[in-house]
Amino acid sequence: MHFELTASLLNDILFAMEDQTTKRLVDARKGVLVLEEESSGTVADEEFLYALPEWTSNDGFTMRSGFVENLHSPLAREELRLVLESGRGVFRNFKNVLKAYPEVERRWNLYKNKYMGHCIKEWYAALRESWGLEKLEDTSYGSEVETDEILNADFEFMTYDSVRDKEDVENGKRLLTEEYERQFHGELGKAVGDLWLSFSNRQTDKAGFLCRTQTGEFIGCILFSFCPSSAKKTVAITDFFVVQDYRGLGIGKELFSMCLASLKEHGIQWTLLGNFIIPPAMEQMLTQWGFEHLGSGYVADLFKE
């Protein structure tokens, strides 16, 4: 006897796979899960009972390791990495760390559902083959939320207002310069931060976009000015950053996309990025949007052997 893998049944199977304390089976007659002890027989005795996909604590650890490895939120990634290396209470502590990073937790839940949903898809495909049924193509397993929908649900993207937003942007710039100081250490860190600020502060008449949480917390921005001020078709991006706790969620990419689309709509032909500190991940994004290298920045330690 075969059964349909509905969205409701899939969600029940996901929950049951993670619950290592009880064993459940699929009852094909009703299309629901039943406890093994409540079934009228074993899988071998009853043709309508099916064991769930095999899922062990090692599988759960592997899934979490893959998520952390590809997570671009530095603070959350480091805390989660330490949890995985601790060897004690890993799953419980992993969950506790995520509570401090709601956006990362949301992304984790999506990742987990997709990862485990793939396991269920393979298991169900094998069952269908054993039933002599055709292979399902492009089947939707559950209501997976796309990244754009996550951003729209959790964040607000808006046009920059110098009166309303200037103070928040300045605070964000301060946090970023402090980050540079920690990254490069001592006097060099202060110099890097000052160099970045000097370019930003030279331009006063700015426009652009910024992002806030649904509760109004400032998350990041992208601002630009005409360069030089008399230009009609050339702008320079003066400020582009996302605060550290919210990186890796696609916010920067969304801000960048909104900004370039607006500039193009208003007839801007040339867009310069004046900051000489470009992270590798950002370089890839710039290349995708058609930016080309225009010089570079360097620093030398003259006492380094």
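Here we summarise the structure given alongside this text. Just so you know, these numbers come straight off a predicted model, no measurement behind them. (Residues numbered from 1 in each chain as written. Predicted model: local features only at pLDDT ≥ 70, side-chain atom pairs only at ≥ 80, totals over all residues. Heavy atoms only, no water.)

### Brief notes about the overall build of the protein chain
Reasoning step 1: Looking only at helices and strands, the protein chain has 10 helices and 8 strands in total.
Reasoning step 2: Within the protein chain, the proportion of its 305 residues that are buried is 38%.
Reasoning step 3: Across the protein chain, every contact between residues at least 6 apart in sequence was considered, and the portion connecting residues at least 24 apart equals 59%.
Reasoning step 4: Accessible area of the protein chain: about 18,900 Å², with a carbon and sulfur share of 50%. (Helix = DSSP H or I, 4+ residues; strand = E, 2+ residues; numbered from the N terminus. Buried < 20%, exposed > 50% of the residue type's maximum accessible area, 1.4 Å probe, protein only. Contact = heavy atoms within 4.5 Å. Areas by Shrake-Rupley, 256 points an atom, 1.4 Å probe, with all protein chains shown as cover.)

### A closer look at the sheet that holds strand β6 (residues 218-226)
Reasoning step 1: The strand order across the open sheet built from 5 strands is β4-β5-β6-β7-β8, with neighbouring strands paired in mixed fashion. Looking at which strands have only one partner, the edges of the open sheet turn out to be β4 (155-159) and β8 (270-273). When the angles between neighbouring strand axes are averaged without regard to direction, this sheet yields 20°.
Reasoning step 2: Here 4 bridges tie strand β7 (residues 234-242) to β8, and the two strands are oriented parallel to one another. Across the sheet, residue T234 finds its bridge partner in β8, namely W270.
Reasoning step 3: The strands touched by helix α9 (residues 251-265) within the sheet are β4, β5 (207-213), β6, β7 and β8, with β6 carrying the most contacts at an inclination of about 30°. (Pairing = 2+ DSSP bridges. Axes fitted to C-alpha atoms, helices over the stretch in contact; angles between N-to-C directions.)

### Points about unusual backbone geometry
Reasoning step 1: The omega torsion across C227 and P228 is -10°, close enough to zero to call that bond cis.
Reasoning step 2: Tracing the sequence through the fold places P228 in the loop between β6 and β7.

### Thoughts on the pattern of salt bridges
Pairing of side chains with opposite charge becomes possible as their charged atoms draw close.
Reasoning step 1: Evaluation of the coordinates by the stated rule reveals 15 salt bridges.
Reasoning step 2: Between R81 and E78 there is a salt bridge; the shortest N-O distance is 2.4 Å. Highlighted residues: R81 and E78, both in helix α3 (residues 74-86), separated by 3 residues, approximately one helical turn.
Reasoning step 3: Residue classification places E78 among the partly exposed residues on the basis of a relative accessible area of 37%.
Reasoning step 4: Measuring nitrogen to oxygen at the nearest pair gives 3.2 Å for the salt bridge that ties E178 to R174. Of this pair, E178 and R174 both sit in helix α7 (residues 162-184), 4 residues apart, which is roughly one turn of the helix. (Salt bridge = Lys/Arg side-chain N within 4 Å of Asp/Glu carboxyl O.)

### Some remarks on the packing of aromatic side chains
Reasoning step 1: Per the stated rule, a full pass over the model turns up 20 aromatic pairs.
Reasoning step 2: With a centroid separation of 6.4 Å and 50° between ring planes, the pair formed by Y180 and F184 is classed as tilted. Pair noted here: Y180 and F184 are both in helix α7, with a separation of 4 residues, about one helical turn.
Reasoning step 3: Y180 sits in the buried class, given a relative accessible area of 7%.
Reasoning step 4: When the ring of F256 is compared with that of W289, the centres are 6.3 Å apart and the planes differ by 70°; the resulting orientation is edge-to-face. With F256 in helix α9 and W289 in the segment after α10 (280-288), the pair connects residues that are 33 residues apart, well separated along the chain. (Phe/Tyr/Trp six-rings, centres within 6.5 Å; stacked < 30°, edge-to-face > 60°.)

### Describing the sheet that holds strand β2 (residues 32-35)
Within a sheet, neighbouring strands are paired by backbone hydrogen bonds and run either parallel or antiparallel to one another.
Reasoning step 1: What the 3 strands build is an open sheet, ordered β2-β1-β3; its pairing is antiparallel. Each of the sheet's edge strands pairs with one partner strand only, and the pair in question is β2 and β3 (49-51). Across this sheet, the average inter-strand angle for adjacent strands is 40°, counted without regard to direction.
Reasoning step 2: Pairing between strand β1 (residues 24-27) and β3: 3 bridges, direction antiparallel. The residue bridging D27 from the neighbouring strand is L49, located in β3.
Reasoning step 3: Along the sheet, helix α1 (residues 7-18) contacts β1 and β2; its crossing angle with β2, the most-contacted strand, is approximately 30°.

### Some words on the environment of F240
Reasoning step 1: Within the fold, F240 resides in strand β7.
Reasoning step 2: Overall, F240 belongs to the buried group, its relative accessible area being 17%.
Reasoning step 3: Remark: the alpha-carbon pair of F240 and G220, spanning 20 residues in sequence, is separated by 7.5 Å.
Reasoning step 4: If sequence neighbours within four positions are ignored, F240 has contacts with C221, I222, G252, L255, F256, M282 and M285.

### Section: the packing of helix α2 (residues 57-69) against helix α4 (residues 90-99)
Reasoning step 1: Remark: α2 packs on α4, axes separated minimally by 11 Å, with the N-to-C direction vectors making an angle of 35°. Handedness of the α2/α4 crossing: left-handed. Touching S57, G60, F61, R64, F67 and V68 of α2 are V90, F91 and F94, all from α4.
Reasoning step 2: Each residue belonging to the contact of α2 with α4 can be placed in one class, and the counts come to 6 nonpolar, 2 polar and 1 charged. (Left-handed = near helix turned anticlockwise from the far one by under 90°. Nonpolar A, V, L, I, M, F, W, Y, C, P; charged D, E, K, R; others polar.)

### Regarding α2
Reasoning step 1: Compared with an ideal rise of 1.5 Å per residue, which puts 13 residues at 18 Å, α2 spans 18 Å between its outermost C-alpha atoms and is within 8% of the ideal.
Reasoning step 2: Among all positions of α2, only G60, M63, R64, G66, F67 and V68 are buried.
Reasoning step 3: In the core, the buried residues of α2 are packed alongside α1, α3, α4 and α5 (102-130). (Expected span 1.5 Å × (residues − 1).)

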